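Given next are the chains, with one letter for each unit.
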Amino acid sequence: MAIWHTCFPLDEANRRGQGCANGHLGIELIEAGEDYLKGRMPVDQRTRQPAGVLHGGVSLVLAETLTSWAAAFVVDPEKFHCVGQEINANHVRAAESGWVYGVARPLHLGRSSHVWDVRIHDEAQRLICVSRVTMAVLATPNRY
């Protein structure tokens, strides 16, 4: 069963992300499946730390971007909107170049909160980062 309240608008989400952190970091949403949202981000001068590898904080930006967009389309936007409440991550491997891909899947979709699991892999499918994001579901219409 699909988790989406309405069809997920990949093109619209990517267009809206162009003028903010998502666009500046090269984050693209690329696939919305029945129970997941997938995106990608380049490992380049915008996303590396001074040591030359993907910045751990930028991995969290990818994770929160995926879960924020996903949560926004799981709820009825006429009644609710979602905001990030907590995020954590384990960085398990460095990435030096190419692309990383993140997949967000819900662990819990409740009335007042969502808990999401995000797995970030490199192009060789090696695990780079595991993140868990809690989203608060607020009983006010989506303002975005």
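Now for a description of the structure that goes with this document. Note that the structure is a prediction, hence the values are computed from the model and not measured.

How each quantity is defined
Residues numbered from 1 in each chain as written. Predicted model: local features only at pLDDT ≥ 70, side-chain atom pairs only at ≥ 80, totals over all residues. Heavy atoms only, no water. Pairing = 2+ DSSP bridges. Helix = DSSP H or I, 4+ residues; strand = E, 2+ residues; numbered from the N terminus. Axes fitted to C-alpha atoms, helices over the stretch in contact; angles between N-to-C directions. Contact = heavy atoms within 4.5 Å. Expected span 1.5 Å × (residues − 1). Buried < 20%, exposed > 50% of the residue type's maximum accessible area, 1.4 Å probe, protein only. Core = buried A, V, L, I, M, F, W, Y, C linked by side-chain atoms within 4.5 Å. Phe/Tyr/Trp six-rings, centres within 6.5 Å; stacked < 30°, edge-to-face > 60°.

Here's the deal with the sheet that holds strand 2 (residues 37-42)
Part 1 of the reasoning: Read from one edge to the other, the open sheet built from six strands follows the order 1-2-4-5-6-3, with strand pairing classed as antiparallel. Two strands bound the open sheet, and with one partner strand each, they are strand 1 (28-32) and strand 3 (81-91). Strand after strand, the sheet turns through a mean of 25 degrees between neighbouring axes, direction not considered.
Part 2 of the reasoning: With nine bridges joining them, strand 5 (residues 113-122) and strand 6 (residues 127-138) adopt antiparallel strand pairing. Bridging across to strand 6, V118 finds its partner in S131.
Part 3 of the reasoning: The sheet strands contacting helix 1 (residues 10-17) are strand 1 and strand 2, and the helix crosses strand 1 at an angle near 165 degrees.
Part 4 of the reasoning: Of the strands in this sheet, strand 1, strand 2, strand 3, strand 4 (99-109), strand 5 and strand 6 are in contact with helix 3 (residues 56-74), which crosses strand 5 at around 135 degrees.

With respect to helix 3
Part 1 of the reasoning: Its 19 residues give helix 3 an end-to-end C-alpha distance of 27 Å, which sits within 8% of 27 Å, the value for a rise of 1.5 Å per residue.
Part 2 of the reasoning: Most of helix 3 is tucked away: 14 of the 19 residues are buried.

Considering the nonpolar core
Part 1 of the reasoning: Membership of the largest hydrophobic core comes to 35 residues, with the highest contact counts inside it found for W4, F8, L29, L37, L54, V100 and W116.
Part 2 of the reasoning: Listed by contribution, the elements that provide at least two residues to this core are helix 1, strand 2, helix 3, strand 4, strand 5 and strand 6.
Part 3 of the reasoning: Those residues in contact with L29, other than ones at most four positions away along the chain, are F8, L10, A13, N14, L37, K38, G39, L66 and W69.

A closer look at the packing of aromatic side chains
Part 1 of the reasoning: Enumeration according to the criterion identifies three aromatic pairs in this entry.
Part 2 of the reasoning: Between F8 and F73, the ring centres sit 5.0 Å apart and the planes meet at 65 degrees, which makes this aromatic pair edge-to-face. Here F8 is found in the segment before helix 1, whereas its partner F73 is found in helix 3, with 65 residues between them in sequence.
Part 3 of the reasoning: Since its relative accessible area comes to 17%, F73 is described here as buried.
Part 4 of the reasoning: Members of the aromatic cluster, connected to one another through ring pairs, are W4, F8, W69 and F73.

Some details on unusual backbone geometry
Part 1 of the reasoning: One non-glycine residue, Q125, lies in the positive phi region at around 65 degrees.
Part 2 of the reasoning: You can see Q125 is positioned in the loop between strand 5 and strand 6.

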